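Here's the letter readout for the chains.
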Amino acid sequence: MAYSCTDFVDDVLNDMVIRSWIKPEQYGPDDPQAQCDAVLGAVGDADVSLRLAADAKQFHAELLDAVESLTGVAEQHGALALALANVVYLQTAILKGGVIELTRGEAESFAFVRDLPSGDRWWQSVKVSVE
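The structure reproduced in this document is the subject of the present report. (Residues numbered from 1 in each chain as written. Predicted model: local features only at pLDDT ≥ 70, side-chain atom pairs only at ≥ 80, totals over all residues. Heavy atoms only, no water.)

## Things to note about the pattern of salt bridges
Then step 1. Applying the stated rule across the entire model yields two salt bridges.
Then step 2. Of the charged contacts in the structure, one is a salt bridge between D15 and R19, with a shortest N-O distance of 2.6 Å.
Then step 3. Residue D47 is joined to R51 by a salt bridge in which the shortest nitrogen-to-oxygen separation is 3.1 Å. One end of the pair is D47 and the other is R51, both in helix α2 (residues 32-67) and four residues apart, which spans about a single turn.
Then step 4. Its relative accessible area of 39% is what places D47 among the partly exposed residues. (Salt bridge = Lys/Arg side-chain N within 4 Å of Asp/Glu carboxyl O. Helix = DSSP H or I, 4+ residues; strand = E, 2+ residues; numbered from the N terminus. Buried < 20%, exposed > 50% of the residue type's maximum accessible area, 1.4 Å probe, protein only.)

Written out as structure tokens, the structure is:
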């Protein structure tokens, strides 16, 4: 059996529902305009999210250019600044698909990340170094 336009639309809608990008109550099965509006709305939201992510990456790059390193700021301003620096580094690593490297002591004080609802997922972006 051939793959039809209807099959394609159904697959796109189903995938977007699974990803929680749209909700089934936004459209009816026989309402192509509502289906289109739901999909275009989700695409527009994704476009905004991508632009915001790009802005956040640019901000981070500019910040690092200005202060050399976040841990350098922490050295000047104490342990609280170091913890904040590691949070920002982790967020950037997650955004870029990378990892941050922490000493055992840093990892112990940073372990609160594991208690977050998706903590195990976030912790995959943390590498604990052998001192």
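Next comes the rest of the description.
## Focus on the layout of surface pockets
Then step 1. Taken as a whole, the largest pocket encloses approximately 250 Å³ of empty space.
Then step 2. F59, H60, L63, L70 and V88 are, among the 14 residues lining the largest pocket, the residues nearest its centre.
Then step 3. Only α2, α3 (70-77) and α4 (79-96) provide two or more residues apiece to the lining of the largest pocket.
Then step 4. In terms of residues, the lining of the largest pocket owes the most to one element, α4, which gives seven residues.
Then step 5. Residue composition of the lining of the largest pocket, grouped by class: ten nonpolar, three polar and one charged. (1 Å grid on protein atoms, 1.4 Å probe; cavity = no way out; pocket = protein on both sides within 12 Å on 5 of 7 lines; lining within 4 Å. Points joined across faces, edges and corners; volume = space filled by probe spheres on them. Nonpolar A, V, L, I, M, F, W, Y, C, P; charged D, E, K, R; others polar.)

## Let's talk about the packing of helix α1 (residues 5-18) against α2
How two helices sit against one another is set out by the angle between their axes and by the gap between those axes.
Then step 1. Contact pair α1 / α2: the axes reach a minimum separation of 11 Å and the direction vectors enclose 50 degrees. As judged from the angle between their axes, α1 and α2 are oblique. Of the two elements, α1 crosses α2, and the hand of that crossing is left-handed. Together, V9, L13 and M16 of α1 and Q35, V39 and A42 of α2 make up the contact between the two elements.
Then step 2. For the contact of α1 with α2, the per-class residue count stands at five nonpolar, one polar and no charged. (Axes fitted to C-alpha atoms, helices over the stretch in contact; angles between N-to-C directions. Parallel < 35°, antiparallel > 145°, perpendicular 65-115°, else oblique. Left-handed = near helix turned anticlockwise from the far one by under 90°. Contact = heavy atoms within 4.5 Å.)

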